[in-house]
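Tertiary structure, described
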Amino acid sequence: MHNKSTVEEIRRRFDADVERFSNLETGQTATMDAALALEQIAQTAAAVTPRAKHLLDLGCGAGNYTLKQLQALPNCDCTLVDLSQPMLDRAKERVCAATTGSVTTLQTDLRALELAPESVDIILAAAVLHHLREESEWEAVFTALYAALRPGGAFWIFDLVEHSDTTVQKLQWERYGEYLTGFKSDVYREQVFAYIAKEL
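Quantities reported herein were computed from a predicted structural model and do not represent experimental measurements. (Residues numbered from 1 in each chain as written. Predicted model: local features only at pLDDT ≥ 70, side-chain atom pairs only at ≥ 80, totals over all residues. Heavy atoms only, no water.)

Describing the overall build of the protein chain
When helices and strands are counted, the protein chain shows seven helices and five strands. Along its sequence from the N terminus, the protein chain presents helices and strands in the succession α-α-β-α-β-α-β-β-α-β-α-α. Relative to its full complement of 200 residues, the protein chain shows a buried share of 44%. Of the contacts made within the protein chain by residues no fewer than 6 positions apart, 73% connect residues no fewer than 24 positions apart. Total accessible area on the protein chain stands at roughly 10500 Å², and carbon and sulfur atoms take up 54% of it. (Helix = DSSP H or I, 4+ residues; strand = E, 2+ residues; numbered from the N terminus. Buried < 20%, exposed > 50% of the residue type's maximum accessible area, 1.4 Å probe, protein only. Contact = heavy atoms within 4.5 Å. Areas by Shrake-Rupley, 256 points an atom, 1.4 Å probe, with all protein chains shown as cover.)

Notes on helix 3 (residues 64–72)
Of all the nine residues making up helix 3, seven are buried; the element is thus mostly covered by neighbouring parts of the structure. All of the buried residues along helix 3 are N64, Y65, T66, L67, K68, Q69 and L70.

Points about the nonpolar core
Of all hydrophobic cores here, the largest spans 23 residues; its most connected members are L55, Y65, L80, V95 and I122. Of all the secondary structure elements, the ones that give two or more residues to this core are helix 2 (34–48), helix 3, strand 2 (77–82), helix 4 (85–96) and strand 4 (120–126). Per element, the largest residue contribution to this core is five residues, and it comes from helix 2. What V95 contacts, discounting residues up to four positions off in sequence, is G63, T66, L67, L70, C78, L80 and V103. (Core = buried A, V, L, I, M, F, W, Y, C linked by side-chain atoms within 4.5 Å.)

Quick look at the side chain of T79
With respect to the element layout, T79 can be found in strand 2. Of the polar contacts made by the side chain of T79, one reaches the side chain of H54; its length is 2.7 Å. In contact with T79, other than residues within four places in its own chain, are H54, L55, L56, D57, T104 and L106. (Polar contact = N/O pair within 3.5 Å; in protein donor to acceptor, adjacent residues only side chain to side chain.)

Looking at helix 6 (residues 166–183)
An ideal rise of 1.5 Å per residue puts 26 Å on 18 residues; helix 6 measures up with 25 Å between its terminal C-alpha atoms. Of all the positions in helix 6, only Q169, Y176, G177, Y179 and L180 are classed as buried. For helix 6, the angular spread of the buried residues around the axis is 160°, confining them to a single face. Seen from the buried face of helix 6, the exposed residues on the opposite side, beyond 90 degrees, are T167, K170, L171, E178 and G182. (Expected span 1.5 Å × (residues − 1). Arc of directions from axis to C-beta.)

Re unusual backbone geometry
One non-glycine residue, N75, lies in the positive phi region at around 65°. Relative to the helices and strands, N75 is located in the loop between helix 3 and strand 2. For N75, a relative accessible area of 40% gives the class partly exposed. One non-glycine residue, A127, adopts positive backbone phi at about 55°. Here A127 lies in the loop between strand 4 and helix 5 (135–148). Note on A127: relative accessible area 34%, which makes it partly exposed.

Digging into the packing of aromatic side chains
Taken as a whole and judged by the stated rule, the model has seven aromatic pairs. On the numbers, 6.0 Å between centres and 25° between planes, the contact of W138 with F142 is stacked. Note that W138 and F142 are positioned in helix 5 at a spacing of four residues, about one turn of the helix. Taking relative accessible area as the criterion, W138 reaches 33% and is therefore assigned partly exposed. (Phe/Tyr/Trp six-rings, centres within 6.5 Å; stacked < 30°, edge-to-face > 60°.)

As structure tokens, this is what we get:
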């Protein structure tokens, strides 16, 4: 296992990056298909769970995924979870302006998150689950999240992955590298790749 960031290091990183993540159009641009994923997840979640009343956004950042989901399912109650209090503050401000439902914020590590059984209809987890470490953490978090879903609820994940087939992984990484270079520069590509190598 790589020497991954500690929870405190992750919190400090996101505390300092609120402005970048506060733009619904460009907040996730380090990921080449983020805008597409944001739109597809919101539309698909709305189609699959059209009567959803409560959504849970894990690692919500400044609230972009919740805001997009509220465009497709207006006025849901929202529970926003993040390590970063500045991110939560910005997310709450933005989300409260977009829903008449209740907005609850929880500053916590998702490994410590306590949820009532069958309390949410949609769970959104965008670029957060890769921070889990041991297999036991994955099992515990997924068990808790599954228990929190109401019958017919849905869990939507968008995250960094490595493909088990080395040929597929090489092709994906080459394409991603080209995107990052074109988006900013070779230096930026190497910075992003270094971060991913540490966190995956």
